[in-house]
Structure formats: C-alpha cells, structure tokens
Amino acid sequence: MRVSNLDPDLPLYRQKHVQYLKRGLNHLSQTYECLDASRPWLCYWILHGLEMLNVQLSEEEYAQTADFLRRCQDPYGGFCGGPQQIPHLAPTYAAVCALCIVGTRQAYDVINRPKLKSFLASCRTAEGSFTMHRDGEVDIRGAYCAVVAAHLTNIMTPELFEGTAEWIAKCQTYEGGFSGEPGLEAHGGYTFCGYAALVLLGKPHLIDNKRLLTWVTQRQMRLEGGFQGRTNKLVDGCYSFWQGGVFPLLHTVIEASGDGHLLSNEKWMFDQVALQDYLLMNCQLHQGGLVDKPGKSRDFYHTCYCLSGLSVAQHFVYKYQTKLILRAELQPFMKVIYRDDFDRAINSSAERFRDSERKRFLNLEGRQRRISRGKRKVLWLTFSDFQPLINAREIALAQEQEVDNSCCRKRQELFPMGAVKIASVPLKQYKPEDITIEIYGDMVTLHGKHRSERGDGSDTGEFKKVFKVPQDVDPATVASRATQDGDALIIVGTKRVEEKTDDGKFEAKFDFSGFKPEKIKIQLHGNELSISGKNTSEEGGVYRSRNYSRRLLLPDNLVVSSVTSRLSKEGQLTIEASRDPALLPSERSVDVIMETDETEEEQKASRSTQSEKTEN
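Counting starts from 1 at the beginning of each chain's written sequence and moves along it residue by residue. Where totals are concerned, whole chains, interfaces and linings use all residues; where local detail is concerned, this predicted model gives features only for residues with pLDDT of at least 70, and gives and counts side-chain atom pairs only at 80 or more. In computing side-chain values, all of the structure's heavy atoms are included and hydrogens and water are not.

As recorded by an unreviewed UniProt entry, the chain carries the name Protein farnesyltransferase subunit beta and is attributed to Stylophora pistillata.

Put into structure tokens, the structure is as follows:
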C-alpha cells in the first residue's frame, strides 16, 4: 500500500507498518505468551498485512513460515493453535489462508486435504452447524472457517455442508445482523462470517438482505466515521473490515438479484472517506502498527484488519473495473491491491504464479470451462480478507460463478416450466388473500382491497389493474402465485399447445427440455390427456425445481388405444394418435317444441291433427 505524501496531515506510515509486521514474524515479546494457542493466526495477520502493503518476503522466510505451519497440522487432519495442541477450526482457517498467501508448492503440499476433509466432517453437527473443535462449542465462526478452508482447498461437497446455509440463516436477528448462534445478539464479526459463508455457499437469498443492509449501514458512526461492532457500543478499528467488508458482498448480491439499477456505480453504500479519516487519523501509531482506537496498544490483529478496512474504503470494484476512492483528489498515486503496480509484482514472481501444481490445487482450469459457457457472470468480490489468498489476476477467475438471472434469489422457479409471465404486481401492504382475479376472454382483471385496524381508526387501500393475455397464451391456464418473499404477485399462463390435426392423425407438442423420460407422466382419462413432469437439479450449491402440468381435451374421434409419445434430444415431447371419422356421432335434426299450458294428451292430439293437415 504505497501512499503519496502529498497530504502531509494524513499519511499512511507504510514503512513503519512494514517494519512492525516483519519484526513480529521473526520475534515476539513476552506479552504474546497469552496467544500461544493462536500462533497460526499471528502468521496470518502478519502475512496478510504485508500482502496488503505489497511487500514480498524472501523465499527463506516463506519456507520457514510454511514449515512452522506444517508442525501445527494434526496427524488426523486440521491445524492446531500451535505444535502438539488439539486441532481447531479457527487456526485451521488461519493456517490455510496463510499458506495460500505464501503461494509456493511447498506451502500447498503442507495441507493434507483428505485428512482436512475428515476433520471438517468430524466438526459438523446433524443440523449443519460446526463446532469449533471436536466436542466443542457451536459458533457461526466455525461454519465460516470450515467453508473458507474447504473452498480454498477444493474439498467442498454437498454432503459436507448439507443444512449449513439454512442454519446460518437462522442466526440472522430481528435487527438484521447475525449472532454467534440462533437467538443471540447481532455482532459485526459474526455478521461478516455468516454472510460471507452464505455467499461462498451460493445461498445469500436465504436471508433478508434489505434488513442486513439497514443494520450494517447503521453501524457507521456519524461523529467518528468508523464502525461499531454492536448496537450502542464504541467504534473499533477492526470493524472497518468486519462491517465494511459486508458492503462489497451485498452490492454484488443485490446486483445479481436484478436490482442493480438501485445501486451506485461509483461507491459502496457507506461513507468511505469518513472511514479513511478515522483509520488514518485515529488508528495509526507513528512507530508503526494500528490500534482499536486512540489510547489503545498496537497489535497484529488490529493492524491486519484496519489495513483491510482501509483497502475496502479506498476501492470500489464494479464489473471488473477498480476505482480509487480517496479522501483527497491530490493523491492520485495511492495504491492498494488490484492496481497496476501489482502486475509488476506478478511479473517479477512469474514462476510462483505459473506453477501448474497451484492451478491444479485451485481447480482453476475447471472453473474456466464453466465460465466459458456464456451465461451471466457474477463476481463474488474478494475484498481484503481474500485478496492475498490467490494471485490478483487469478482471484477474479477463481471466484467467478455463472449464475442464472433467477437462482440468486429463488430456490425454486416461481411458476411451472413452459409458463409465460403476464404481469408482476407489487403487493406492498396487500396479502394474496386481499386480491381477486377475474378473467374475461383475453383480459385479466386484478382487484385488491386492504383494510387494517389501528388504535385511532383504520387504514384502507384499493387498486384495480387490467392486463391483456398474450395471443400465444391459453387464457384457461392463467394462474397466480406470490413470490417467496411475499413482495409481489406473479400472473402467468401456459402457451397454447401446438396442435396439428388432419383427416387421419392428431399431433400435439410440448416443451420438456431438461426432463428425462422417467420424470414425465402421461395419463388418459376418457378423452382428457394429463401431462406432468418434475425435475430437481443442483448446480453450484443452488437447488432448482422445475415443474410442468397440463391437461388437454382430445378430439372426439380419437382412437385412444393409438395414443403414443416420444421425446426428442432437444426436449420436445410429441403426442400422436390416429383419428377415425366413424367414431364421430351421426348427424340428425332435433325438433324444437314450444312449451304450452296444454296437457300431454292435448299436445299429442294437436300434433296428430297437424300431421293430418300436412299429409292433405
């Protein structure tokens, strides 16, 4: 992180911070004895801070760090807080991240991936949460550490994280943030861990993102400019990352959900300049290192996460373009990661970044093939905490995921496959039962009426909307259903069946692309044909369910025993049957008789007289 000292009032004491971090990597004072069970964390905080400052260590220093972390690895999987201690998810996360920062083959070879997977599985509970260690306490940080470690080492499986996202979603509180476990108070660190884990699992739609956005924006204090960790607490420098780091994730999720037009293309949804002022003015020490707040002692934890928060505040990434957001326009050369100077670091360390074993480890080639399918691409932003884990160019590649326009928000499609969306009506204060739908010919009329009682009276609301059914939609199939979040009512219909009828043959075609024959059910009830299908699939941790249901009234002269079906490779289902004109009912005339007050005998006599007159 190189800062031009054009503004002498607010410089970043880069060289002092580098000296402080480097010294800690080789020697720690006695005051750090209390962190003997967190030694991989010390490695991670120091390496991460140096990486944020664009500092490369020597090969010997990287090798020594990797060797120490190797001695912290448990023979049965996972990493311990120090050599000969018990394996724990927190130091496992720190060790894996630190080894990825080192980025050499020696560092990657340290990680015993099969044993790591076994350790993660041993910490998983039946409900999908994770204990911090075997028989330990359940904590949302455990789920986050497990997800990150599995994601970076490419050992994620649906079985390993079954139910994890749903358990994390239960930790969202009424305020909007996340607690350590369901039912507790929302906290900044827990909030980042929970939401980042949901994003990595591909299920950020399981929680109320709007409520989360409200809560996290309210944690930035107007006077100081920094973030507090909880409601009614003091500002702390480390929350510049734990809270500030949530905004890039939220920005990306909201963009992917189709509401990108509501977002800024210039900045995150908090005051980035105010956060920079707080960190640079209040959290730096002239002798190096960053602190919680003025008057506190420096440590590697706050140095790491204050620098991370500063990086979030100084950069805005939108559609792969990085924009610097600095506190003064007179600082055009202030650079953090993702800038042009990082390319020079890549070129000077070409052998590190071209290591084929490293690519295999991260499974980048497989991701490239998935990305090239041409679907919509969404970058799950890797801000400060993830930036040093992989080379800057590879981060965007490794973190890209192809996402359908709907799968970020919905676990299921809102209406059956083959349906056509006619209209979407915001419900606002209306409930589905407050709305009636009437269909006249090809016109659909929605009428909503709402009434709610208050202490001083009542509120009433009413609306009426009319929509025209598209020509290719069968009005008889028009239906409605509310979205999963209850915010809108979707009106849909099914396309008219493509029928082809001639003198001797009947043919109807349906779109069943993506369905296997065994997932399609066809039944005949008299001359009524019923077709249904259900197909469930999972891709990238997102489960999708597609349903199709349709009934068709067959012609009267159809030979029922001749009905056949076939499914093409393109997914087109064709129903065929032969027609027999002899099956049609014979034609005859039906006399119309006028009702009178005469008795039945008088009517017979009248018809007899009329018949005689006709004969004469």
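Student: Help me understand helix 6 (residues 113-123), please; the structure alone is not making it clear to me.
Tutor: Residues three or four positions apart in an α-helix share a direction because the helix packs 3.6 residues into each turn. Three exposure classes are used, based on accessible area relative to the maximum for each residue type with a 1.4 Å probe and protein chains only: buried under 20%, partly exposed in between, and exposed over 50%. Counting from the N terminus, the helices are DSSP H or I runs at least four residues long and the strands are E runs at least two residues long. Within helix 6, the full set of buried residues consists of Leu116, Phe119, Leu120 and Cys123. Burial along helix 6 is one-sided: seen end-on, the buried residues are contained in an arc of 100°. Its side-chain oxygen placed 3.2 Å from the backbone nitrogen of lysine 115, asparagine 112 serves as the N-cap of helix 6. Working note: the arc is built from the helix axis to C-beta atom directions. In protein, a polar contact means a hydrogen-donor-capable atom and an acceptor-capable atom, both N or O and within 3.5 Å, with residues adjacent in sequence counting only if both atoms are side-chain atoms; elsewhere, any N or O pair within 3.5 Å suffices.

Student: What is the right way to look at the pairing of strand 17 (residues 572-578) in this model?
Tutor: Residues in a regular strand point their side chains to alternate faces of the sheet. For strand 17, the buried fraction is high: 5 of the 7 residues fall into the buried class. In terms of strand pairing, strand 12 (residues 505-511) meets strand 17 through 7 bridges, oriented antiparallel. Residue pairing across strands places glutamate 507 opposite glutamate 576, the latter belonging to strand 17. Across 4 bridges, strand 16 (residues 564-567) lies against strand 17 in antiparallel orientation. Looking at strand 17, one finds that arginine 566 is bridged to threonine 574. Strand pairing follows a simple DSSP-based rule, namely that at least 2 bridges must link the two strands.

Student: Would you mind showing me how to read the nonpolar core here?
Tutor: Proteins that are soluble and globular tend to have nonpolar side chains buried together. Residues grouped as a nonpolar core are buried Ala, Val, Leu, Ile, Met, Phe, Trp, Tyr and Cys residues, joined through side-chain atoms within 4.5 Å. With 109 residues, the main nonpolar core has Tyr44, Leu89, Leu120, Tyr144, Phe178, Tyr195 and Tyr305 as its most contacted residues. Here the element with the most residues in this core is helix 4 (residues 89-102); it accounts for 12 residues.

Student: So what exactly am I meant to see when it comes to the pattern of salt bridges here?
Tutor: Where charged atoms from two side chains of opposite charge approach closely, those side chains can pair. Think of a salt bridge as a Lys or Arg side-chain nitrogen and an Asp or Glu carboxyl oxygen that are within 4 Å of each other. As enumerated under the stated definition, the model contains 11 salt bridges in all. Of the charged contacts in the structure, one is a salt bridge between arginine 105 and aspartate 109, with a shortest N-O distance of 3.7 Å. In this pair, arginine 105 and aspartate 109 both sit in helix 5 (residues 105-110), 4 residues apart, roughly one turn of the helix.

Student: Sorry if this is basic, but what is going on with the packing of helix 9 (residues 188-200) against helix 10 (residues 209-217) here?
Tutor: When two helices pack together, their arrangement is given by the angle between the helix axes and the distance between those axes. Angles run from 0 to 180 degrees between N-to-C directions of axes, and those axes are lines fitted to C-alpha atoms, restricted for helices to the stretch in contact. At a minimum axis separation of 12 Å, helix 9 and helix 10 run at an interaxial angle of 150°. Considering the relative orientation of helix 9 and helix 10, their crossing is left-handed. Note on element contacts: helix 10 touches helix 9 through Asn209, Leu212 and Trp215, opposite Gly188, Thr191 and Tyr195. A class-by-class count of the residues in the contact of helix 9 with helix 10 yields 3 nonpolar, 3 polar and no charged. Less than a right angle of anticlockwise turn of the near helix away from the far helix marks a crossing as left-handed, whereas a clockwise turn marks it as right-handed. A contact between two residues is defined here by any heavy atoms of the two lying within 4.5 Å. Basically, the charged four are Asp, Glu, Lys and Arg, the nonpolar ten are Ala, Val, Leu, Ile, Met, Phe, Trp, Tyr, Cys and Pro, and anything else, Gly included, counts as polar.

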